[in-house]
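# Overview (structure and organization)
The primary structure of each chain is shown beneath.
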Amino acid sequence: MTLIGRTRTRGVQTLSLDSPATRNALSAALVGELADALTDCAKDADVRAVVLTHTGNTFCAGADLRDPPDPDALVGLLRQIVELGKPVVARVTGHVRAGGLGLLTACDIAAASREATFAFTEVRIGVAPAVISLPVLPRVDPRAVARYYLTGERLDAPEAARIGLLTAQGDDVDAVLEPVLDGLRRAAPQALAETKALLTAKVLEAFDRDAADLTALSARLFSSPQAREGMTAFLERRDPEWVV
């Protein structure tokens with residue numbers, strides 16, 4: 001069973017995270033399939049832009065706690081989105097949590113409908129938003145990200161747009177994206193690639209500088225006793241032992 005849906009309309013390749021039973025959690029299999037789909041997009045001259053979207057009411061719930069991806073594979077996927085020589089646009093109509101926000105901020109443009117919600121929930125299960133910081137920190141307001149990293153609070157689409165998690169939001173995400181996709185279709189492929197390279201240079205600097213350290217931090221925290229308790233509590237739908 002495929003975990004990534006593929007459709008194309010007028011040069012725009014849509015890739016849909018299609019594992020609603022797991023709320024499109026980042027399993028090793030899903031990460032691998034999405035990486036393969038992006039590789040195919042990179043090789044296809046007829047693809048002018050990529051839309052990354054989802055089935056179900058969750059864009060991505062973060063790492064699959066039962067089948068988590070290797071941290072290096074997740075870093076590779078996020079870098080692949082950033083480096084792809086074609087614009088990648090996130091289209092969100094549901095919830096985005098933890099590692100899903102890494103996917104969102106790796107995209108060049110991100111739009112959501114007003115029912116979407118967002119949260120960096122890592123601290124609530126005993127880990128940190130380590131690997132996803134590579135695309136998040138260069139693109140999101142630092143004072144706001146400090147609050148939401150540390151508290152795990154949920155934020156709505158207008159707040160996500162205000163702090164830079166989103167490019168735009170509205171009642172109808174497709175109406176919001178219509179002029180965006182029209183603009184991308186009108187742009188020359190070479191110009192899009194070179195302009196994207198200008199825009200992502202600082203993000204890629206973060207990958208070059210910090211990826212190894214953040215990958216090691218992620219691996220260390222996920223194997224810690226507090227993370228085991230936090231993940232067990234999450235799966236058992238109870239508060240972890242440290243909640244007061």
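The rules behind each value
Think of each chain on its own: its residues are numbered from 1, step by step along the sequence as written. Given that this is a predicted model, residues contribute local features only at a pLDDT of at least 70 and side-chain atom pairs are listed and counted only at 80 or more, while totals for whole chains, interfaces and linings are drawn from all residues. Excluded from the side-chain calculation are hydrogens and water; included are all heavy atoms of the structure. Nonpolar cores are built from buried Ala, Val, Leu, Ile, Met, Phe, Trp, Tyr and Cys residues. Side-chain atoms within 4.5 Å join them into one set. For the exposure calls, accessible area comes from a 1.4 Å probe over protein chains only, and a residue counts as buried if that area is under 20% of its type's maximum, exposed if over 50%, partly exposed in between. Here a helix means four or more residues in a row that DSSP labels H or I, a strand means two or more in a row labelled E, and each is numbered from the N terminus. Contacts are assigned to residue pairs that have any heavy atoms within 4.5 Å of one another. What counts as an axis is a line fitted to C-alpha atoms, over the stretch in contact for a helix, and the angles between N-to-C directions run from 0 to 180 degrees. For classification, angles of less than 35 degrees are called roughly parallel, those exceeding 145 degrees roughly antiparallel, those between 65 and 115 degrees roughly perpendicular, and all remaining angles oblique. In this scheme the crossing of two helices becomes right-handed for a clockwise turn of the near helix relative to the far one and left-handed for an anticlockwise turn of less than a right angle. When residues are sorted by character, Ala, Val, Leu, Ile, Met, Phe, Trp, Tyr, Cys and Pro go into the nonpolar class, Asp, Glu, Lys and Arg into the charged class, and all the rest, Gly among them, into the polar class. Should DSSP find at least two bridges between two strands, the strands are regarded as paired. Note on aromatic pairs: the rings of Phe, Tyr and Trp (six-membered ring only in Trp) are paired at centre separations within 6.5 Å, and the planes decide the class, stacked below 30 degrees, edge-to-face beyond 60, tilted for the rest.

With that settled, consider the nonpolar core. Leu15, Leu34, Leu103, Phe118, Phe120 and Leu165 are the most contacted members of the largest nonpolar core, which totals 59 residues. Considering each element in turn, this core owes the most residues, seven residues, to helix α1 (residues 28–43). The residues touching Phe120, leaving out its near neighbours within four places in the chain, are Ala98, Leu101, Ile132, Val136, Val145, Tyr148, Tyr149, Gly152 and Leu165. In this structure, Ala49, Val173, Leu181 and Leu184 belong to the second largest nonpolar core, which totals 10 residues.

It is worth spelling out the packing of α1 against helix α2 (residues 71–83) at this point. Contact geometry for α1 and α2: axes closest at 10 Å, N-to-C directions at 30°. Classed by the angle they form, the pair α1 and α2 counts as roughly parallel. Taken as a pair, α1 and α2 cross one another with a handedness that is left-handed. Of the residues in α2, those in contact with Val31, Leu34, Ala35, Leu38 and Thr39 of α1 are Ala73, Leu77, Gln80 and Ile81. For the contact of α1 with α2, the residue count by class is seven nonpolar, two polar and no charged.

Time to look at the sheet that holds strand β5 (residues 88–92). The six strands lie next to each other as β1-β2-β3-β5-β7-β10, forming an open sheet whose pairing is mixed. The open sheet has two edge strands with one neighbour each: β1 (4–9) and β10 (168–170). Shown here is a sheet whose adjacent strand axes are inclined to one another by a mean of 20°, direction ignored. Here strand β7 (residues 109–113) runs beside β10; their pairing, made up of three bridges, is parallel. Within β10, the position partnered with Ser113 by the bridge is Gly170. Relative to β5, helix α7 (residues 173–186) is tilted by about 170°, and along the sheet it contacts β1, β2 (12–17), β3 (49–54), β5, β7 and β10.

Three or more residues of helix α9 (residues 225–235) are buried, namely Ala227, Glu229, Gly230, Met231 and Ala233. For α9, the secondary structure elements touched by its buried residues are α8 (189–222). Note on α9: the residue one or two positions beyond its end, Arg237, has a positive phi of about 55°.

Here the structure, examined in full by the defined rule, presents one aromatic pair. Judged by centre distance (4.9 Å) and plane angle (70°), the rings of Phe120 and Tyr149 are edge-to-face. Here Tyr149 lies in helix α5 (residues 142–151) and Phe120 lies in the loop between β8 (117–119) and α4 (133–136), a separation of 29 residues in the sequence.

With respect to the element layout, Pro240 can be found in the segment after α9. Its relative accessible area of 11% is what places Pro240 among the buried residues. As a C-alpha pair, Pro240 and Leu74 span 166 residues in sequence and 26 Å in three-dimensional space. Setting aside chain neighbours within four positions, we find Pro240 in contact with Arg124, Glu229, Gly230 and Ala233.

What follows is about the packing of α2 against helix α3 (residues 99–106). The contact between α2 and α3 brings their axes to 9 Å, and the two run at 20°. Considered as vectors, α2 and α3 are oriented roughly parallel to each other. Between α2 and α3 lies a crossing whose hand is right-handed. From α2, Leu77, Leu78, Ile81 and Val82 reach across to α3, where they touch Gly102, Leu103 and Ala106. Here the contact of α2 with α3 is built from residues that sort into six nonpolar, one polar and no charged.

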